[in-house]
Amino acid sequence: MGNSEEKRLMGGFLFQTEKEAKLAEVERKKIAYLESKVDYSKPEDILYIYDKTVKENVFSTPVGMVYLKQLQEYLLNQEGIDPADVAAIPLNNIYEDQAKVSSSKEKMRSLHEQEMGAKKSQLTISVILNILLALAMLAMFIISLNSDYPNIINYERAVTDRYAAWEQELTEREKVIREKERELMIEGEVTGIGE
């Protein structure tokens, strides 16, 4: 057991904080004082002390509650005491903080679930938008490749096709010119012009 646990240990209970343990220590001292003054041969006096401590919420830690429970059982077993006169021990102080903690935990859990749902829907929307953008880029790429106008994607092909067309046109013109030259040379030989 560490030093921290020793500071939180009181009356057989391990408290969550040192502050709670100190409060239990104060209650233990009150119990010791009451026990030094109480005369168990007079149940009416004990009933008076019991009622006063219950009404004034003198005890709120488990150490005090155990003492109240012992007094209650003692009083319920006395012949001169009517059980209807023995008040129940209120536990609202003990469970109030715990109820607040569990209520806040439930709220936090609910908020966390809502946050996760929102993140999940945002992720779904993000994935869908990314897919749509990728498809749009692919469509633009395909359109650019098939376009008649040169652009950065099909520029080399367009230039190569243009030069190929010019080369073919030049080849056809050269062919026509050579045919004309041959015709002229043939005619020149027949007429004797070229001699």
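In this report, we go over the structure that sits alongside the text. (Residues numbered from 1 in each chain as written. Predicted model: local features only at pLDDT ≥ 70, side-chain atom pairs only at ≥ 80, totals over all residues. Heavy atoms only, no water.)

Counted under the stated rule, the structure contains three aromatic pairs. Between Tyr40 and Tyr74, the aromatic rings sit 5.1 Å apart at their centres with planes inclined by 85°, giving edge-to-face as the arrangement. Within this pair, whereas Tyr40 is found in the loop between α2 (18-37) and α3 (43-55), its partner Tyr74 is found in helix α4 (residues 62-76), the two being separated by 34 residues in sequence. Ring geometry for Phe59 against Tyr67: centres 5.9 Å apart, planes inclined by 75°, an arrangement best described as edge-to-face. (Phe/Tyr/Trp six-rings, centres within 6.5 Å; stacked < 30°, edge-to-face > 60°. Helix = DSSP H or I, 4+ residues; strand = E, 2+ residues; numbered from the N terminus.)

We now examine the pattern of salt bridges. Close approach of charged atoms lets side chains of opposite charge pair. Going through the model one piece at a time under the given rule, you end up with four salt bridges. Residue Glu56 pairs with Lys52 through a salt bridge whose shortest N-O separation is 3.3 Å. A salt bridge links Glu174 to Arg178; the nearest nitrogen and oxygen atoms lie 2.9 Å apart. Here Arg178 and Glu174 lie together in helix α6 (residues 155-191), a separation of four residues that amounts to about one turn. (Salt bridge = Lys/Arg side-chain N within 4 Å of Asp/Glu carboxyl O.)

A few words on the packing of α3 against α4. Relative orientation of the contacting elements α3 and α4 amounts to 140°, with a least axis distance of 10 Å. Looking at the two axes, α3 sits oblique to α4. The hand of the α3/α4 crossing is left-handed. Judged by residue contacts, Pro43, Ile46, Leu47, Tyr50, Thr53 and Val54 of α3 engage Leu68, Leu71, Gln72, Tyr74 and Leu75 from α4. (Axes fitted to C-alpha atoms, helices over the stretch in contact; angles between N-to-C directions. Parallel < 35°, antiparallel > 145°, perpendicular 65-115°, else oblique. Left-handed = near helix turned anticlockwise from the far one by under 90°. Contact = heavy atoms within 4.5 Å.)

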